[in-house]
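# Notes for the structure review
For reference, the chains in residue letters:
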Amino acid sequence: LILLNQIQNELTEKLKIELPRSKDKIVVKMMTPRLMDEIQAQVNECISKGQSEAQANFEWSLIKLIDTINGERLPEIKVQKYVQEMEAIDARALNKVASVIGFGVDTNLVATCEHCGKTFPHSLPITREFL
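Quick summary incoming for the structure in this document. (Residues numbered from 1 in each chain as written. Predicted model: local features only at pLDDT ≥ 70, side-chain atom pairs only at ≥ 80, totals over all residues. Heavy atoms only, no water.)

### Observations regarding the overall build of the protein
Quick note on the threshold: Helix and strand definitions here come from DSSP, where helices need a minimum of 4 consecutive H or I residues and strands a minimum of 2 consecutive E residues; each element is numbered from the N-terminal end. Each residue is placed in one exposure class: buried if its accessible area under a 1.4 Å probe, protein chains only, is under 20% of its type's maximum, exposed if it is over 50%, and partly exposed if it falls in between. Residue contacts are defined here by distance: any two heavy atoms, one from each residue, within 4.5 Å place the two residues in contact. Values of accessible area rely on a 1.4 Å probe in the Shrake-Rupley scheme; residue burial ignores everything except the protein chains shown.
The helix and strand inventory of the protein stands at five helices and five strands. Scanning the protein from its N terminus toward the C terminus, one meets helices and strands in the order α-β-β-α-α-β-α-α-β-β. Split into buried and exposed, the 131 residues of the protein put 28% on the buried side. Considering only contacts within the protein whose residues lie at least 6 apart along the sequence, 52% involve residues at least 24 apart. On the protein, roughly 9,300 Å² of surface is accessible, and the fraction owed to carbon and sulfur atoms is 54%.

Below, the structure is given as structure tokens:
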């Protein structure tokens, strides 16, 4: 239990960032399959309106990852405006934190047979518990 609390505390600290230019304090969310689906839906909508896929994907990935800004949970429309007005240096820093942490759940496993000792790679099925 102590180890679990320590891991939780370390992870919580990694989810916090102070942006270099604005000095805003951001807490980000862990990426989930549901969040990825929401991002893709928004990206598809932006593409249908003529926005580039790369730009839409970058923006919506940041929008959906932001949990709080300076301790406040804002409506998505305000987070969207915040991200769109964010200076490039802050956006890069936020994106870097998201990629360094390695968001999401690694579902790749290796099982070892109790009888022969061979190892077998396989994937954990995505179920409701991941959503």
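### Side note on the pattern of salt bridges
The following threshold applies: Put simply, a salt bridge is a Lys or Arg side-chain nitrogen that is within 4 Å of an Asp or Glu carboxyl oxygen.
By the definition in use, this model includes seven salt bridges. Taking the shortest distance from any N to any O, the salt bridge between Lys-25 and Glu-18 comes out at 3.4 Å. In this structure, Glu-38 engages Lys-64 in a salt bridge whose closest nitrogen and oxygen atoms are separated by 3.1 Å. Highlighted residues: Glu-38 in helix H2 (residues 33-48) and Lys-64 in helix H3 (residues 53-65), separated in sequence by 26 residues. Among the residues examined, Lys-64 registers a relative accessible area of 8% and is labelled buried. Overlapping salt bridges bring together Glu-38, Lys-64 and Glu-76 as one network.

### Some remarks on the packing of H3 against helix H4 (residues 76-85)
As a reminder of what qualifies: Axis geometry follows a simple rule: fit a line to the C-alpha atoms, using only the stretch in contact for helices, then measure angles between N-to-C directions, giving values from 0 to 180 degrees. By definition in this entry, angles of less than 35 degrees are roughly parallel, angles greater than 145 are roughly antiparallel, angles of 65 to 115 are roughly perpendicular, and the rest are oblique. We call a crossing left-handed when the near helix sits turned anticlockwise from the far one by less than a right angle, and right-handed when that turn is clockwise. For this classification, the nonpolar set comprises Ala, Val, Leu, Ile, Met, Phe, Trp, Tyr, Cys and Pro, the charged set comprises Asp, Glu, Lys and Arg, and every other residue, Gly included, is treated as polar.
Between H3 and H4, whose axes approach to 9 Å, the crossing angle comes to 130 degrees. By the angle between their axes, H3 is oblique relative to H4. Judged by the twist between their axes, the crossing of H3 over H4 is right-handed. Within the contact between the two elements, H3 uses Glu-59, Trp-60, Leu-62, Ile-63 and Lys-64 and H4 uses Glu-76, Val-79, Gln-80, Val-83 and Gln-84. A per-class count over the contact of H3 with H4 returns five nonpolar, two polar and three charged.

Such coordinate-based values are descriptive only and should not be taken to indicate function.
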